[in-house]
Amino acid sequence: MTLLEVVDLVKYFPIRKGIFGRIVGYVKAVDGVSFKVGENETFALVGESGSGKTTTAKCILGLFKPTSGKILFMGKNILELKGEDVKWYRKHVQAVFQNPFLSLNPRMKVEDIVAEPLKVHRKDLSKEEIREMVYEILDKVGLTRALAKRYPYDLSGGQAQRVAIARAIALKPKLIVLDEPTSALDVSVQAQILNLLIDLKEELKLSYLMISHDLSVVRYISDWVAVMYLGKIVELARTEELFEKPLHPYTQALLSAVPEPDPKIMKSKKRIVLPGEPPSAINPPPGCRLHPRCPYVMDTCRKKEPPLVEYEKDHWVACWLYHKR
Amino acid sequence: MIPEDVRVIFRLIKTNPVSLAGLVIVVGFVIVGIIAPYIVPYPEDAWGETYNIEKRYLPPSLEHPFGTDDMGRDVFSRVILGARFSLIIAIGVVGLALLIGIPIGLIAGYVGGKLGTALMRITDMFLAFPPLLLAIALAATLGRGLVNTIIALAISWWPWYARLVYVQVNSIRVLPYVDAARIVGLHPLAIMFKHVLPNALTPVTVQAALDMGSAILEAAGLSFLGVGVKPPTPEWGLLVTEGWSSINVAWWISLFPGLAILITVLGFNLLADAVREAGDPRLRRILLVGRKI
Amino acid sequence: MMSVTKPLVVENLTIHYYTLEGIVKAVRNVSFSVERGESVCLVGESGSGKSTIGLAIVGALPANARIISGKILVSGVNVLELDQKELEKIRGKEVSIIFQDPAASFNPLFTIGQILSDVIKHKLGIDDKEKLKKKALEALRIVGLPDPERVYNSYPHELSGGMLQRAAIAVAVSTNPKILVADEPTTMLDVTLQAQILDLLQDLRKKLGLALVFITHNLGVAATICDRILVIYAGSTVEFGPVDEVLLNPLHPYTRKLIECVPRSSVRVGRLKYIPGSLPDLRKLPPGCVFEPRCEEALEICKMKPPELVEVKPGHFVACHKYPNKR
């Protein structure tokens, strides 16, 4: 069953200049993105800065209003929700952000942070019932009750992120958006949090939309991966398929650039270098957006944008190299 | 206030003898201000209700540690009671300024847009005036008296707090925990009061507490100029004025209230320095054990 | 036999931080050396002390740090015994540093060209404006910037993160230093940019014979750029040796665990291991091995005294009671 379906999502940010705020251009952060996330699945959006992955996530979370496109959650278009339906959406879609010390209100105790969603949505529960539930949830994420009365700055990075996760699962949502959940943590703690997320997914039958720039983490935790470049999806496939058989030159370059703590692998890796830097999203290049940097660029690439097509079963790619003409 | 900030501040104060002195002075001032009416040796003198012709212009002695003034009143009692008035003024001015400034800064920062810009422009207009001048003009217009003095000063002061709150709210508004509150489904008003405001207030409340020293100084200035409180209120500035004409012969009448102002304001300033140091992020990282997440 | 002075020798370095909450024993008895053209990685997590060592090498420790003991020999001269004036001559000239945030190397009020020329002028004593500009542009070219003129005239905020980091490297190598300390220079960059910068550093190492001290928490990056790797935990050396050796045959339990808890992009891994517990309080260190509380292979002796650094194989050192000193 498809839980989340994003259809042709577009988000442009206007650039204003002058006293009257004239619009002089747009930052085309997300330029036509479509994908589906199923139940109990982890779907990863991967890309470098400027790829549009974070903006996509924020549109799904309702923090940005898309310029156009549809976001369907359990069949309903969230952009058209009103009143009680908005609350329904909030109950089922939650988020965990990158830096727990910024995503937790520094003046709230841990127990209050985790109780907040319950207080908003479960007005039927009494104070004691909420407190009991909070303790249960803290237990589930591996935190002792003693930490309930502490403030976020008393905690370590790993503990603070667990609190953020506790808050996210409090309402037993269906989908959690994970925005680089372990990037700010130490390596040894990262592993614990990733394992916790995997366990919770199984136990609570969650789906995750994972935003990350770290391909190793993505390979460990995701079922599906979509690679984004300059506002568009360039490749989409099941995780193992993408990592074993990357088709798009950008995906290949990305994978070849990831450093591994295994000197044997590093020596045998074929490096595909993309010269220069990604251009700005204000004036993306015509045709295929990668063409100025692509080692396999052809004439068509400069003129026409390749569509995302299903090259093999469950493996989509947007590249003229794979377009059977 | 965040307990952590307070802890750091207190630790800093404990280790620095100068800030410790400031803390002692401020605490002493507040205590004296509260219990003043009960400890003055000559209560009627303090309130200015007496006229003892035979005791005029007495120099400092055991019975009158600060001497007596032109009306034969015990200066010591008047200075002690003056502490209470200064305390009232300090709290009144700062409190009223906060009452006006915080909502304006909060709405301007949170709602933003045209309303925010408009509110901030008004604030800027007030800020363009030299504050003391504005206060003097207002006080002169409103007339003398304790309440009018407080109002005049508060009106010249609220823009600073509005601006401070505005800046804080603006930067907090985009923090992830505000996003998180939206995602949890909190009503925008609830977010404003529960998440944004408390965090925005920390620098403001600290600033306000320390501004009390400046409030006392400015009120004394207004009284000295004759546009502040009315006689026979034993406000320190007014006390200085009362002794001004006889300063050559009875120096004690102006000196002791003047010293009171000096020491109290100094105490607040020393404390303010300590708090400012505690707020410096680089210093804090050095002061606390290296915290990385 | 001709003895060539190594560009950098760090001997028994111990550094403490004096804070309001106690004395933090940040670095304890760390020793290593770097040959000309060699790169040594200091690898550790946050709070391990690796950045402190880097700052000590360039003489840029914060005011509350005290060097308790040890030597840092730059071309044979102990920089810890130099006064400010002599340090000024060495800093930026013999030893340079680049940081995680390239913006930290630049005053936002000046153009890259102005900053570069300033450095070259003061460190190399060149006064001629023409020559200064030539040298500056050359430095910008060496680091692979496609349009040196444009970068020369740009302000830091006008450049992207990757270009700014290249410019920072340009400033660092413009004075032909013998040693370059790189403190997590690629952590803030995207993966493809990181690869470019690492390539650049490798290239410069060979071209200029730089001795590179590379500080990172990323084992993969260490594998890419280092010849030898020094794994540091809570301020003390845990393992040290050629990078291939240490990563393929890790001896210390911490190193092994570190490798096992990193997810991979080139292979499927099973469930990730993790290291239970957390960093010890560097103000109150346990009497024994500093890693013991979190070590799953700890022996009784580990609680009692700290292990010595022992050369288990040629060039491969480990500080662990499982590899006792057989003397």
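The shown structure was predicted, so the numbers you read here are calculated from the model rather than taken from an experiment.

## Quick word on the overall build of chain C
When you go through chain C residue by residue, the secondary structure sums to eleven helices and twelve strands. Computed over the C-alpha atoms, the radius of gyration of chain C is 21 Å, within 12% of the 20 Å expected from 2.2 N^0.38 for a compact globule of 327 residues. Dimensions of chain C, computed from the C-alpha atoms along their principal axes, are close to 70 × 50 × 50 Å. The 327 residues of chain C split such that 50% are buried. Put simply, 61% of the contacts in chain C that link residues at least 6 apart link residues at least 24 apart.

## Comments concerning the overall build of chain A
Looking only at helices and strands, one finds twelve helices and twelve strands in chain A. In summary, chain A has a C-alpha radius of gyration of 21 Å against a globular reference of 20 Å for 325 residues, a match within 12%. When each of the 325 residues of chain A is scored for burial, the buried share is 50%. Once local pairs closer than 6 in sequence are excluded, the contacts in chain A between residues at least 24 apart make up 63%.

## Re the environment of K65(A)
Residues and elements named next belong to chain A. Along the polypeptide, K65 turns up in the loop between α1 (53–60) and β4 (68–73). What makes K65 exposed here is the crowd of 9 C-beta atoms within 10 Å. Residues K65 and I130, spaced 65 residues apart in sequence, show a C-alpha to C-alpha distance of 33 Å.

## Some details on the environment of T264(B)
All names here are of chain B. By the element assignment, T264 lies in helix α11 (residues 251–279). Of the residues examined, T264 has 27 C-beta atoms within 10 Å and is grouped as buried. For the pair T264 and S214, spaced 50 residues apart in the sequence, the C-alpha separation amounts to 9.8 Å. Once residues lying within four places of it in the same chain are set aside, the contact partners of T264 are I25, F29, S86, G213 and I216.

## A few points about the sheet that holds strand β2 (residues 22–38) of chain A
All names here are of chain A. Across the sheet, four strands lie side by side as β2-β1-β4-β5; this open sheet has antiparallel pairing. Taken across any chain shown, the strands that pair with only one partner, and hence form the sheet edges, are β2 and β5 (76–77). Summarising the sheet, strand β1 (residues 2–17) and β2 pair through 13 bridges and their orientation is antiparallel. Paired with K17 across the bridge in β2 is R22. Against the sheet, α1 touches β1, β2 and β4, its axis set at about 115 degrees to β1.

## Let's talk about the interface of chain A and chain C
Opposite the 31 residues of chain A that make contact, chain C presents 36 residues. Only α7 (187–204), α8 (215–221), α10 (249–257) and α11 (263–268) of chain A provide two or more residues apiece to the side of chain A that touches chain C. Residue contributions to the side of chain A that touches chain C peak at six residues, all from α7(A). Of the residues in the side of chain A that touches chain C, the class split is 18 nonpolar, seven polar and six charged.

## Concerning the sheet that holds strand β2 (residues 22–34) of chain C
Residue and element names in this part refer to chain C. Spatial strand order, β2-β1-β4-β5: four strands in an open sheet with antiparallel pairing. Of all the strands in the sheet, just β2 and β5 (77–78) have a single pairing partner and so form its edges. In terms of strand pairing, strand β1 (residues 8–19) meets strand β4 (residues 65–74) through eight bridges, oriented antiparallel. Considered in β4, the bridge of L8 is made with V74.

## Here we look at helix α5 (residues 113–128) of chain B
Residue and element names in this part refer to chain B. Taking 1.5 Å per residue as the helical rise, α5 with its 16 residues ought to reach 22 Å, and the 22 Å between its terminal C-alpha atoms agrees with that figure. Restricting attention to buried positions, one finds in α5 the residues L119, M120 and T123. Seen end-on, α5 carries its buried residues on one side only, within an arc spanning 95 degrees. The exposed set on the far side of α5, more than 90 degrees from its buried face, consists of K114, T117, A118, R121, D124, M125 and A128. Lining the buried residues of α5 we find α4 (75–111) and α7 (146–172).

## Quick look at the nonpolar core
Membership of the largest hydrophobic core comes to 294 residues, with the highest contact counts inside it found for L209(A) and V213(C). Among the elements that take part in this core, α4(B) stands out by supplying 19 residues, more than any other. Every residue in contact with L209(A), bar those within four places of it in the chain, is listed here: V37(A), F43(A), L45(A), A57(A), I60(A), L175(A), V177(A) and L178(A).

## Some details on the pairing of strand β10 (residues 236–242) of chain C
Residue and element names in this part refer to chain C. Along β10, six of the seven residues are buried, which leaves the element largely enclosed by surrounding structure. Relative to β10, strand β9 (residues 228–233) is paired through six bridges, and the arrangement is antiparallel. By the bridge assignment for β10, V231 is matched with E239. Counted between consecutive antiparallel strands, the loop separating β9 from β10 contains two residues, among which A234 sits at a positive phi close to 45 degrees. Relative to strand β12 (residues 316–319), β10 runs antiparallel, the two being bridged by two bridges.

## Thoughts on helix α7 (residues 191–208) of chain C
With 18 residues, α7(C) extends 25 Å between its outermost C-alpha atoms, agreeing within 8% with the 26 Å of an ideal straight helix rising 1.5 Å per residue. For α7(C), the complete set of buried residues consists of V191(C), T192(C), L193(C), Q194(C), A195(C), Q196(C), I197(C), L198(C), L201(C), L204(C) and R205(C). In this fold, the buried residues of α7(C) make contact with α10 of chain A together with β3 (39–43), α6 (161–173), β7 (179–183), β8 (211–216) and α8 (219–225) of chain C.

## With respect to the confidence of the model for chain C
In the predicted model, chain C carries a mean pLDDT of 89, and the fraction of residues at 70 or more is 98%. The complex prediction reports pTM at 0.85, with the ipTM value standing at 0.87.

## Points about the packing of helix α6 (residues 157–169) of chain A against α7(A)
Think of two packed helices as two axes; the pair is described by the angle between the axes and how far apart they sit. Residue and element names in this part refer to chain A. Between α6 and α7, whose axes approach to 10 Å, the crossing angle comes to 20 degrees. On the basis of the axis angle, α6 is roughly parallel to α7. Seen along the crossing, α6 lies across α7 with a hand that is right-handed. Taking contact as the criterion, the partners of G157, G158, Q161, R162, I165 and I169 in α6 are, on α7, V189, Q192, I193, L196, L200 and L204. Residues of the contact of α6 with α7, tallied by class, amount to seven nonpolar, four polar and one charged.

## A word on unusual backbone geometry
Following P231(B), the chain continues to P232(B) via a peptide bond in cis, the omega torsion being 0 degrees. Relative to the helices and strands, P232(B) is located in the loop between α9 (188–225) and α10 (236–242). At N29(C), a position not held by glycine, the phi torsion is positive, near 55 degrees. As for its placement among the helices and strands, N29(C) is situated in strand β2. Of the residues examined, N29(C) has 18 C-beta atoms within 10 Å and is grouped as partly exposed.

Basis of the calculations
- Within every chain, residues take consecutive numbers counted from 1 along the sequence as written.
- As they are written, the chains are lettered A onward and the ligands numbered 1 onward, keeping that order.
- Note on the predicted model: pLDDT of at least 70 is required for a residue's local features to be given, and 80 or more for side-chain atom pairs to be given and counted; whole-chain, interface and lining totals, by contrast, use all residues.
- What counts as a helix is a DSSP run of H or I of at least four residues, what counts as a strand is a run of E of at least two, and both are numbered from the N terminus.
- Radius of gyration here is computed from C-alpha atoms only, and the compact-globule reference equals 2.2 Å multiplied by the residue count raised to the power 0.38.
- Whether a residue is buried, exposed or partly exposed is read from the other C-beta atoms within 10 Å of its own C-beta, which are placed from the backbone; 20 or more gives buried, 12 or fewer gives exposed, and intermediate counts give partly exposed.
- Any residue pair is listed as a contact if its two C-beta atoms, each placed from the backbone, are within 7 Å.
- Here the rule is simple: two strands pair whenever DSSP picks up at least two bridges between them.
- For helices, the fitted axis covers only the stretch in contact; all axes are lines through C-alpha atoms, and the angles between them, taken along N-to-C directions, range from 0 to 180 degrees.
- Note that Gly is not counted as nonpolar here; it falls among the polar residues with everything else outside the nonpolar set of Ala, Val, Leu, Ile, Met, Phe, Trp, Tyr, Cys and Pro and the charged set of Asp, Glu, Lys and Arg.
- In this analysis, the expected span of each helix is defined as 1.5 Å times one less than the number of residues it contains.
- Starting at the helix axis, one direction is taken to each C-beta atom, and the arc is that of these directions.
- Under the definition applied here, buried Ala, Val, Leu, Ile, Met, Phe, Trp, Tyr and Cys residues are grouped into a nonpolar core through C-beta atoms within 7 Å.
- Along the chain, pLDDT gives the predictor's confidence residue by residue, from 0 to 100.
- Relative orientations are named as follows: roughly parallel for angles under 35 degrees, roughly antiparallel for angles over 145 degrees, roughly perpendicular for angles from 65 to 115 degrees, and oblique for any other angle.
- Two helices cross in a left-handed way if the nearer one is turned anticlockwise from the farther one by less than a right angle. They cross in a right-handed way if the turn is clockwise.

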